[in-house]
Structures are given as structure tokens and as C-alpha cells.
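Given next are the chains, with one letter for each unit.
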Amino acid sequence: MVRSWRVKLKLLLATVTLAILLSWLYLFVGSLEYGRFLLLPPCLGEQPSRDVEREALASRVRRVEEENQQLRLQLSQMQAEGSDGSPQWGASAEDGEPPGGAERSNRTACPKQRTVHKCELLHVAIVCAGHNASRDVVTLVKSILFHRKNPLHFHFITDSVAHQILQTLFQSWMVPSIHVSFYNADDLKPEVSWIPNKHYSGIYGLMKLTLTKALPSNLSKVIVLDTDITFATDIAELWAVFGKFSDKQVIGLVENQSDWYLGNLWKNHKPWPALGRGFNTGVILLLLDRLRRLGWEQMWRLTAERELMSMLSTSLADQDIFNAVIKQDPALVYRLPCFWNVQLSDHTRSEQCYTEVSDLKVIHWNSPKKLRVKNKHVEFFRNLYLTFLEYDGNLLRRELFGCASLPSPPSDQLQQALEELDEDDPCYDFRRQHLTQHRVHLFFLQYEFLALPNPTDVTLVAQLSMDRLQMLEAICKHWAGPISLALYMSDAEAQQFLRYAQASEVLSARRNVAYHIVYKEGQFYPINLLRNVALANTQTPYVFLTDIDFLPMYGLYDYLRNSIQQLDLPQRKAALIVPAFETLHYRLIFPKSKAELLSMLDMGSLYTFRYHVWPKGHAPTDYAKWRTATVPYRVAWQPDFEPYVVVRRDCPKYDQRFVGFGWNKVSHIMELDAQEYELLVLPNAFMIHMPHAPSFDISKFRLSAGYRGCLQTLREEFHQDLSRRYGAAALKYLTAERSL
């Protein structure tokens, strides 16, 4: 009887074994249809997968599991029947554990993937210096924000230029659940300045070595990125990889995809020591707390000192030193899958990192050629990069679903002001535009700051949009001094402007023209906001407040500096008026002197500005007196007077409630008068307005009675505010307004 039972049991075990073998063989053959070997499934997050493939295979696995469960159930029943004292070597069906730990042996060696909580704060560190790198950072940040689902804390190690640019950008961007910290690169330079570096990144290319010291001591881990990175996935996926580090691993890196560290690129090529192909430091995962305990600072210093004795300098900046340390102690590094840093320099193995371009995670433009690099999929990569380059950053101001934003006083105040607006107010759109928070990117192109400006130096200040771009070259030819311009553009238009400026011989030759991008938002042109942005970012003691449609006379820059000195302007509160004229001809032989201008005025080829449509705007300049004047003369303020003036940089700001067309300069001159500025007309200065198509805002003003009514309402409110600020002295403006 017992013998018969054992024969049956052996037969059943053989059947179970055969069923399992056939099932796995079936899966193996089926997997070949998809080009994948499934007996050892990849770790989560390390291999790309396809939804269709996953569903088909999951269905097969479920069928096999059901068959196995039925067989196990039969086996357990057989064992229950044999409870006559024979040993029960099999596990119960409830345990689900086959004998001998068979299931344990079938498990993959993949470590458990630590999931990232949806509201967990992720930390990202970036070294950024200069104007160009600041532009690159914006594109990188856009790609991260586009995919992210977690709060982020950006840690920027910057020079003074990048600090000003990025601080203003993030403050004006106001993206929810984004935190930004800045660290002065100058404080870290002594740590790495002793290392000779041939790389074009200079001393800033070595800054990543100092992060354990630069970043807060309570920060335990951080993702470190180069500025020429583009993300194609949620950065939380990369953050989750920290959970795969062993106890000894402290640095996560992708293998270098070029042959640089193999030392065979040319004769006598001698790279720094590296483990195999070496590692690329464009994307780094750093466990800062472990690195500090290991004495990271001393570790990399000693390694660098030893290698520099024979290498003399680094060729790839911090990357050489990271690799030398890892060569010495390979246990420190966790090898990231290469799709976390697909390196698009020439002659790399980057194409082996993905089976399809849609599998990519991170693209690294680590060639000096950048978008012109050679790769068979470069068009796809370029288009992905350009998508984020021109992507409307305003769309990234979305709240994270389910994550509470930390309190932000500026954001809270803005939200409260918006909630207090009355949507039934006929002028709601004007008031809403006034409260709009525009993103601002200062110094969009290279600009040379003035270390010690001349005490009489003056900057031309103006604003423009895309349709006035053609005026830039002409103004630069007429004005040799510094210029500060605010440009109202979309993200895509800003890139068009960048290409235009870089292609222009006139503009590319100038380093004293500051371009500040104010990104478009809302239905009105925020003219006075633009003026204030350009005014606030001047470097000289004096500013010439003009409009982009005017060409200053040749030599006006020198003439204004001499006038400031001769009139002893530093010791008095005065506004110097530059008389304005206009031509109706698109082609003009520009007058070289006052005498030539007067001749053209008499011949009818020039006119005093707006004499035929808005004489009150400039009539107080007293053009009749100007014709024969040889010394500056004083004029009195009159209603609607709006001359173009030279004033101290600390003059009153423009009132930003005035948007679009109307009263934007009038209100400013009125406040100058309220502050008791002298209005002095310069006898030998002039500027000429060039013709152009009417702006969209002036068309709305002319066609809409509601527009004109709201402008009148804003004027009355401005008068009331002026009275509150200046008391009885401001009553004359209200009286003059009512007498009109």
C-alpha cells in the first residue's frame, strides 16, 4: 500500500516537474517573438518596457501560475491522505514555498526598488557661471519641471552673474513647490584653484568636487547635473536609484561612452587613470553623508595631488579626478544604466544605450558642437531639446496634485490681490494685467559690467517687442554708450532674437548692450513694467529714457556726458530734455548737425514730434526757442507733457498700472515734477522718430470706448495716489486735469 502510494507520488512529482519545465519553455519561446529573454527579467527602472508586451506576457504568466496552483493543491491533498506517519517534506499550498527553496532560487538578484513618495522633496545641484550657462540652465530646468511630480530643491553654485540672473528668474517665475538656494562660487575657488585645468569650463568645471563642503551639512543626498542636460522622464525615477546603492557605494555614475579613457584616440594620448572606459560626470548621484564620513575632501585631494605630479593638469576637469578616485577604490561607485546619461559627443557608443529613442531618460550634449553633433538620431534629440528651449515656461506654474505648497509671501500676496479683484468691474482686464507676474530673464546675452563707471556716464534705456527688432542695429550705430533694453517676447521669440543677435555683425560686436527678456503673458503690452526692468538694471549714474522707435543724433552719448558735467547735475535735481522730431519717410538721410536738422524742418522732410496728432505731448519743449538757443533753458510742466529725458538712475519708477497705450510717460513726467525736478531743454541735442505700423494697443485705444473709459479711470486713481504721496503740491495736477 505504502509502496503504491509512493509510486503515485513520484508520478505526480514527475508530472509537476514536467509541467513547470514546459511552462518555462513556452515562456522562453514566446519571449523570442519580442526579442527579449525573460527568464531573468530586468530590474525595475533599468530596462525599458512596452505596455503591449507587458500585458501579453503577464497574461501568459497568470495562466501558468493558475496551472501550478492546481498542481500544488493536488500535491497537498495527496500528502494529507498519506498522514500515516510518513514524513511531510512538501510545503503547504498556503505557504506557497516549494521544497528546497525552489522559488527562492528562481528570484532575480535585483535589489528592491525604493519607491519615491509623491511629495518627497528631491534635491538637485548645478554649477552655473556666466550668461550662456544661465540660458542653458533654464532649458534644463524646463525639461525637469515638465516631467516632475515631486517638490524640488535646486542648489545652484554660481558666480555673481548667474546668481543675479537665476535669482530674478525664479522669483518672477513663481513655480509652486520649487525651492532655490544659491552658493557663492568665489568662496569655493580656493578649494580647486590650485588644480591646472585645460577644459573649457575652467575653474567652474572643478566645483562639483567641493559639494560635500558647499552644500548644507544636513543634506544627505543630491543629484548633480551639468547644464547641458535634457530630461526625457521624471527625475524621481533617477532619485529612486539611491535605494539600490550597497552599503559601500557612495557615487552613482554612467560609464563614459567615448574611448577617451582607453588612451587610444591618438598617438601619445595619455588620459587620467580610470576603471575601464571610465565614468562621465554629467549626471552624478552623491550620498553626501557617506562621503563626508569617508573623508571625501581629503580623498580627492590626495588623489589629485598624486596624479598631477605626472599628468600636470586635468583635461576633463572634475571628471578626471572622480575617475582617478574610483580607479583606486572601485567599490565606491554604483554603475547607472547608460540611458541615464546618453552622451552625444562624436564617436561615442551612445546608440547602444537604447533600442528606441523613446526609451531615453537623459540626454547629455557633452560635445562642444552641441546640437551639431554626429548621431543617427540627432534630429530626434535636437527636436526634443528645441521643444523645451521654446516651451512656454508659464505653463509650468502648475500646482502638484496632492502636495501642499509651502507658504510663499509674494505668491500669497499676489493670490490675495487677485481674489480681491471684482470681475464685474469694466476695467477688470486692466487691473488683472497690472497684477500679472511676468517671468524675467536678465542679461540674456553676454554683457560686460562696468567696474568703475564714469560719474557722468549715461545708459540709453528702452523697451521693445519682436516687431521692433529691426531698430536695434540702427540704434547701436547711433549710440556708442551702454544700452539697457527690455524685450517683451514669448519663449520661442526669445530664441529667434538670440539667433538674430548672434548673426548680426553689429550686435555681436557690442558687449555693453544688456538685453532683458520679459516673457509674454496677458492681453496688454506692459510698457511701464518693461521700462522699469530696463531702468533697474542699468550700471551708470545717469539714464536716457527713450523709446525704441527713436534714433538719437550722432554723438549724443558724448554730448550728454559733457552736459551732465557742465550743468553740475550731480549737485542738482534736474531732468535734461532731448527735443524729439519725426519723419514720415522710411528712408532718411539722417542730419549730422542741428543746422542740417533745421534745414530739413524748414523743407518739410522733418516735423516736431506728433505736432499733427498730439501737440500737447511735446509743445512745452518750446521748439521756437530751441531753434536759436545756445544754452540749456528751463521749461515748466504742462498737462500731458511727455518729453524724453536724461535723469539720475534713482529717479521715480514708471507707474505700472498704465499698460498698453496712453499716459504711460505722462504720469512719469508728472511725478518728476511733483518731486521738484527742473526741466531743462538741451539746445544742441535731438532725436528723430522713425515711422512704423501702428501698434495693436493704439488700435484698441482708437476703436474702443471702453478702453478709453478705463484709461480715464486709471488717470483719476493715479491723481488720487499722487495727492496722498505729495499732499498739497499735487493739487495743481488735479486742477489742470479738470480744466482741460
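Residues numbered from 1 in each chain as written. Predicted model: local features only at pLDDT ≥ 70, side-chain atom pairs only at ≥ 80, totals over all residues. Heavy atoms only, no water.

(A) Here's a closer look at the state of the cysteines. Across all of its chains, the model carries 2 disulfides by this definition. The disulfide partner of Cys119 is Cys403, and the gap between their sulfur atoms is 2.1 Å. Since a negative S-S torsion denotes a left-handed disulfide, the Cys119-Cys403 link at about -100° is left-handed. With a gap of 284 residues between them, Cys119 in the loop between helix H3 (102-106) and strand E1 (122-128) and Cys403 in the loop between helix H12 (378-389) and helix H13 (409-420) connect regions that are remote in the sequence. A residue is classified by how much of its surface remains accessible, and Cys119, at 26% relative accessible area, is partly exposed. Given a relative accessible area of 8%, Cys403 falls into the buried group. Disulfide pairing is shown between Cys427 and Cys710; the S-S distance is 2.2 Å. Classification of the bridge connecting Cys427 and Cys710 rests on its S-S torsion, roughly -105°, and on that basis the disulfide is left-handed. Taken together, the positions of Cys427 in the loop between H13 and helix H14 (428-435) and Cys710 in helix H24 (residues 705-726) put the pair 283 residues apart, joining distant regions of the chain. Look at Cys427 and you get buried, because its relative accessible area is 5%. (Disulfide = S-S within 2.5 Å. Helix = DSSP H or I, 4+ residues; strand = E, 2+ residues; numbered from the N terminus. Buried < 20%, exposed > 50% of the residue type's maximum accessible area, 1.4 Å probe, protein only.)

(B) Quick look at unusual backbone geometry. The backbone of Asp622 shows a phi angle near 65°, a positive value even though the residue is not glycine. Here Asp622 falls in the partly exposed class, since its relative accessible area comes to 32%. The residue Glu676 is not glycine, and still its phi comes out positive at about 65°. You can call Glu676 exposed: its relative accessible area is 67%.

(C) Here's a closer look at the sheet that holds strand E16 (residues 550-552). Strands sit in the order E16-E23-E18-E19 across an open sheet of 4 strands; the sheet is mixed. Of all strands in the sheet, those with a lone pairing partner are E16 and strand E19 (607-608), marking the two edges. With 3 bridges connecting them, strand E18 (residues 580-582) and strand E23 (residues 687-689) associate as parallel partners. Bridging from a neighbouring strand, Ala580 pairs with Met687 of E23. (Pairing = 2+ DSSP bridges.)

(D) Layout of the pattern of salt bridges. Tallying each qualifying case throughout the model produces 32 salt bridges. A salt bridge links Asp186 to Lys189; the nearest nitrogen and oxygen atoms lie 3.2 Å apart. Here Lys189 and Asp186 lie together in helix H6 (residues 185-192), a separation of 3 residues that amounts to about one turn. Classification of Asp186 as partly exposed rests on a relative accessible area of 41%. Here the residues in one salt-bridge network are Lys142, Asp392, Arg439 and Asp491, joined through shared partners. (Salt bridge = Lys/Arg side-chain N within 4 Å of Asp/Glu carboxyl O.)

(E) Spotlight on H24. Between its terminal C-alpha atoms H24 stretches 32 Å, which fits the 32 Å expected from 22 residues at 1.5 Å a residue. What H24 keeps buried is the set Tyr707, Cys710, Leu711, Leu714, Arg715, Phe718, His719, Asp721 and Leu722. The first or second residue beyond H24 is Gly727, which carries a positive phi of 65°. (Expected span 1.5 Å × (residues − 1).)

(F) Spatial organisation of the nonpolar core. Leu485, Phe497, Tyr515, Phe544 and Leu560 are the most contacted members of the largest nonpolar core, which has 114 residues in total. Not counting residues within four places of it along the chain, the set of residues in contact with Leu560 comprises Val458, Trp479, Phe544, Val578, Val646 and Leu682. One finds Leu140, Trp173, Val254 and Leu396 within the second-largest nonpolar core, a separate group that totals 43 residues. (Core = buried A, V, L, I, M, F, W, Y, C linked by side-chain atoms within 4.5 Å. Contact = heavy atoms within 4.5 Å.)

(G) Quick peek at the environment of Tyr183. Topologically, Tyr183 is positioned in strand E3 (residues 178-184). Residue classification places Tyr183 among the buried positions, given a relative accessible area of 15%. In this structure, the C-alpha to C-alpha distance between Tyr183 and Leu215, residues 32 residues apart in sequence, is 7.9 Å. In this structure, Tyr183 is in contact with His155, Phe156, Ile157, Thr158, Ala214, Leu215 and Pro216, ignoring residues within four places of it in sequence. Polar side-chain contacts of Tyr183 include one of 2.7 Å to the side chain of His155. (Polar contact = N/O pair within 3.5 Å; in protein donor to acceptor, adjacent residues only side chain to side chain.)

(H) Region of interest: the sheet that holds strand E9 (residues 342-343). Spatial ordering of the open sheet is given by E5-E10-E9, a layout of 3 strands whose pairing is mixed. Every interior strand has two partners, whereas the edge strands, strand E5 (229-231) and E9, have only one. The sheet contact formed by E9 and strand E10 (residues 362-364) spans 2 bridges and is parallel. Each residue of the ladder has a partner; that of Val342, found in E10, is Ile363.

(I) Here's a closer look at the pairing of E1. By the criterion of burial, E1 is predominantly enclosed, with 7 of the 7 residues buried. Sheet topology places E1 next to strand E2 (residues 152-158); 7 bridges connect them, and they run parallel. Bridging across to E2, Ala125 finds its partner in His155. With helix H4 (residues 130-147) bridging E1 and its parallel neighbour E2, the resulting β-α-β unit is right-handed. (Right-handed = clockwise from strand over helix to strand, strands pointing away.)

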